[in-house]
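# Report on the structure
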Amino acid sequence: MKTQHKTIKQGNRGKSKSGNQSAHESKPSRAKHVRPLAPKQFVDILEHMNDGLVVLDKDWYYIYVNQKAARMLQRQKPSDLIGKHIWTEYPEGVGQPFHLAYEKAMREQTPIVFEEHYEPWDLWFENRIYPSPDRLLILFTEITDRKRIETLLHERQYLLQKILDSEPGTVYIYDLEERRNVYVNRYWLVAYGYTEEETQAMGNELPSRIFRPGDLERISAHHENWRQAGEGEIREIEFQVRTKSGEWRWLHSREAAFARDAVGRVTQILGITHDITESKQAEKALRESEEKFSKVFYASPVPMSISRLSDGQYVEVNESLLKRMGYRREEMIGTSALELGIWENAAQRTEMLRVLRKDGSLRNFEMRFVTRSGEVGTALLFREIIELVGEEHFIGTTLDITERKQTEDALAASEAELQALLASMNDVVLVIDRDGRYRKIAPTNPDLLYKPPEELLGKTLRDVFPAGQAETFVGTIRQVLDAQQTAHIEYQLVIGGREVWFDTAISPMDTNNTLWMARDITDRKRAEEGLRELNEELEQRIAARTEELAAAMIRAQESDRLKSAFLATMSHELRTPLNSIIGFTGVILQGLAGPLNEEQTKQLNMMRNSARHLLALINDVLDISKIEAGQLEILQRPFDMRQAVESALRVVHPLAQKKNLQLTTLIGAGVGIINNDRRRVEQVLINLVNNAVKFTEHGEIRIECQIKGDWLETCVRDHGIGIKAEDIEKLFKPFQQIDTGPARSHEGTGLGLAICKRLVVAMGGEIMVESQWGVGSTFKFTLSVKEQ
């Protein structure tokens with residue numbers, strides 16, 4: 001809790017500020033006769049004071065209490081307290097800062113003024129203590145509303161700073177008079193490499209130092225024009241800047257007037273700048289693409305065309321289409337495919353146009369076409385709607401699959417047989433942990449299980465399979481859990497006297513369990529050889545006549561490969577969908593989508609808790625990865641350590657309250673402002689206190705903070721289960737957990753203490769632990785308080 005103590009020093013009262021006195025001061029004057037206040041008048045004044053006033057004798061008994069003080073001390077009248085002992089009446093105050101301050105004032109005979117929060121009543125007071133050898137006079141005023149307003153203002157300032165720091169662009173304030181940035185947000189520092197000090201040091205040289213020389217004159221004119229800007233005006237400008245690493249980036253800035261002088265001229269502008277380098281590069285690429293398109297269109301071996309959407313008339317065709325359809329260019333341009341009789345079935349064309357207008361594109365639309373010579377064939381149409389000269393057109397390619405359709409009839413019988421076989425298959429679904437132990441068996445086809453479920457559950461793969469095969473299975477499971485990636489294996493088993501082939505996908509469920517999905521592919525294995533021979537024969541028959549199709553398919557496959565690579569690259573972005581799952585689950589649980597029954601609520605809560613657990617795991621893994629990669633950034637700023645402790649306790653308090661644990665703090669008098677990364681300090685505190693709550697079932701958890709020499713020492717003490725001596729060395733290693741047996745009762749990733757240690761070391765400190773099994777533990781970390 002924040003405590004402010006002020007010692008009132010006696011000034012040189014009665015002394016003049018100058019050795020010379022004015023003539024007026026030197027003249028003798030007749031003393032005015034003033035009637036002194038009667039005791040009753042003096043008491044009346046005290047009784048009507050807005051402040052509470054009490055007087056205690058040296059033995060801590062009340063000898064005077066005014067009306068205001070009685071009400072503030074929750075008594076009906078002053079006589080309820082007169083003659084009574086303060087700490088007998090208010091035993092909950094013993095040990096509170098009030099108690100300590102009163103004793104200090106009497107002991108040192110020094111007046112004290114301080115503000116303090118009185119925990120038992122949840123109220124803030126300003127106290128003024130004036131001691132004398134035989135009594136203590138105390139004036140106090142409740143300031144709870146003022147303190148709450150101060151807290152609210154602090155939180156709003158913090159929120160504004162968070163908004164500015166999270167803006168995905170540079171927010172700046174530029175002074176037109178001084179010709180320099182007087183403010184830039186954190187994004188500038190991260191994106192362009194300049195520190196805040198470097199930015200401020202450049203002053204009015206900033207434009208010439210970081211802007212492209214060719215943009216300087218235009219930017220200068222832009223700034224000059226701002227001086228006469230009207231109210232509510234928004235202006236934009238594009239320019240290039242050089243990052244600290246020497247790279248040139250394109251920026252687009254939107255600006256508004258931020259400050260004006262007495263005559264209304266703009267003196268400062270507020271701007272938000274976003275990086276448009278990629279879009280500029282895209283514009284250049286588009287121009288180059290248009291040139292390439294023209295070359296590709298006319299030289300492509302695949303039939304291509306461009307037609308108006310309104311009437312279907314061709315506006316451009318390439319040589320491949322003319323050659324396949326047997327028409328001359330002048331015969332097709334200005335005429336539609338329907339007019340030329342290319343569509344064997346006009347209803348197909350109507351459906352094609354309907355889908356195209358609805359979706360804006362068309363893929364793998366099969367049509368029957370007729371050439372000029374009367375030949376009937378089959379093609380796949382690919383179409384996209386584009387705008388040319390303000391009018392909608394559709395462009396696309398036509399893949400002739402006539403030969404392929406002829407071969408499909410030969411494959412129809414075997415395809416039907418294969419599809420029926422695949423449709424009748426049932427998967428074996430299991431949950432198996434890192435040690436190869438069967439945790440769950442889904443009630444699918446029992447005929448595909450190696451043994452009955454009751455003979456598998458609770459046993460390991462080593463108990464069931466031969467040694468070599470079991471080790472292969474367990475090794476694959478551990479690779480999947482370590483890499484957190486799905487693996488596929490095929491293997492053969494003898495079940496019920498017959499050999500069965502399985503194709504199995506093993507996927508990580510969490511850090512210790514995998515989902516094992518095995519599909520019976522015995523028939524597929526047997527059919528593969530026959531299909532392979534048939535496919536080879538078919539490939540030989542169509543190879544000579546599908547060169548153009550093969551080229552198109554290669555491009556399509558390359559596109560699919562790029563798409564798959566892109567999706568694989570993005571697959572680690574798990575937090576966004578997890579946050580959506582958590583958020584929407586919360587919406588459903590609130591009943592916003594309709595009422596839920598008890599079982600639905602229970603299942604949804606389980607799902608949300610699992611999602612939160614997985615999200616916490618991902619965040620911990622990302623944190624430890626960033627630290628190990630040397631990408632952790634420590635932002636040293638002055639902050640109040642007392643406030644940091646309070647902030648951390650507010651986060652953990654609900655969990656402690658749920659377990660009826662008492663959180664107490666003991667903050668040394670010298671603890672105050674330190675220079676370090678507040679967010680990381682609070683992260684360490686939250687982790688340590690949360691850990692203490694997790695392993696403590698009764699009693700209290702104490703947070704102690706005190707200055708020892710040049711170091712700030714912070715301790716978290718609990719009365720939990722403690723740690724065995726042989727387990728202490730595992731505490732700060734990633735993914736190492738002491739409670740890892742089958743009866744493990746505490747959740748966790750094994751990363752919390754590892755992250756704490758790396759954060760403390762990164763901030764220039766040390767972390768250590770003292771523990772006695774069955775008695776409790778003390779985690780202690782130190783931070784330097786020396787000026788850096």
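Before going into details, it helps to say that this report is about the structure given with it. Residue indices follow the written sequence of each chain, beginning from 1 at its first position. With the structure being a predicted model, the display of local features is reserved for residues of pLDDT at least 70 and the display and counting of side-chain atom pairs for 80 or more, all residues being used for whole-chain, interface and lining totals. For side-chain calculations, the full set of non-hydrogen atoms in the structure is used, while hydrogens and water are omitted.

## Observations concerning the packing of helix 24 (residues 641–658) against helix 25 (residues 678–694)
Only the contacting stretch of a helix is used when fitting its axis, a line to C-alpha atoms as for every element, and angles between N-to-C directions run 0 to 180 degrees. In DSSP terms, a helix is any run of H or I states spanning at least four residues, a strand is any run of E spanning at least two, and both are numbered starting from the N terminus. Their axes nearest at 9 Å, the elements helix 24 and helix 25 cross at an angle of 35°. In this structure, helix 24 crosses over helix 25, and the sense of that crossing is right-handed. Contact residues: Met 641, Gln 643, Ala 644, Val 645, Ser 647, Ala 648, Leu 649, Val 651, Val 652, Leu 655 and Ala 656 in helix 24; Arg 678, Val 681, Glu 682, Leu 685, Ile 686, Val 689, Asn 690 and Val 693 in helix 25. Among the residues making up the contact of helix 24 with helix 25, the classes are represented as 14 nonpolar, 3 polar and 2 charged. A clockwise turn of the near helix away from the far one marks a right-handed crossing, whereas an anticlockwise turn of less than a right angle marks a left-handed crossing. Here a residue-residue contact requires only that any non-hydrogen atoms of the pair lie within 4.5 Å. Here the nonpolar group is Ala, Val, Leu, Ile, Met, Phe, Trp, Tyr, Cys and Pro; Asp, Glu, Lys and Arg are the charged ones; every other residue, Gly included, is treated as polar.

## Points about helix 15 (residues 346–359)
For a helix, the expected span equals 1.5 Å multiplied by the number of residues minus one. Taking 1.5 Å of rise per residue, the 14 residues of helix 15 would be expected to cover 20 Å, and the 20 Å separating its terminal C-alpha atoms lies within 8% of that figure. Looking at helix 15, one finds that the buried residues are Arg 349, Met 352, Leu 353, Val 355 and Leu 356. Projected down its long axis, helix 15 shows its buried positions confined to an angular sector of 165°, all on one face. In helix 15, the exposed positions that point more than 90 degrees away from the buried face belong to Thr 350 and Lys 358. Where helix 15 is buried, its residues contact helix 14 (337–340), strand 14 (361–370), strand 15 (376–388) and strand 16 (391–400). Exposure categories follow from relative accessible area, calculated using a 1.4 Å probe and restricted to protein chains: below 20% of the type maximum is buried, above 50% is exposed, and the middle band is partly exposed. Each C-beta atom gives one direction from the helix axis, and the arc is the one those directions make.

## Some details on the sheet that holds strand 15
Paired through their backbone hydrogen bonds, the strands of a sheet run either parallel or antiparallel. We call two strands paired when DSSP finds no fewer than two bridges between them. Overall, antiparallel pairing links the 5 strands, which are arranged 13-12-16-15-14 in an open sheet. The open sheet has two edge strands, strand 13 (314–317) and strand 14, and neither has a second partner. The average angle at which neighbouring strand axes cross in this sheet is 30°, direction not considered. For strand 12 (residues 304–308) and strand 13, the ladder comprises 3 bridges, and the chain directions are antiparallel. Counted as the bridge partner of Ile 306 is Glu 316 from strand 13. Strands strand 14, strand 15 and strand 16 of the sheet are contacted by helix 15, whose axis makes an angle of about 165° with strand 14.

## Comments concerning the pairing of strand 8 (residues 180–184)
Pairing between strand 7 (residues 170–175) and strand 8: 4 bridges, direction antiparallel. Its bridge partner lying in strand 8, Asp 175 is registered against Arg 180.

## Focus on the pairing of strand 12
With 4 of 5 residues buried, strand 12 is to be regarded as a mostly interior element. For strand 12 and strand 16, the ladder comprises 5 bridges, and the chain directions are antiparallel. When the bridges of strand 16 are listed, Ser 305 appears paired with Gly 396. Connecting the antiparallel pair strand 12 and strand 13 is a turn made up of 5 residues, with Gly 312 showing a positive phi of about 75°.

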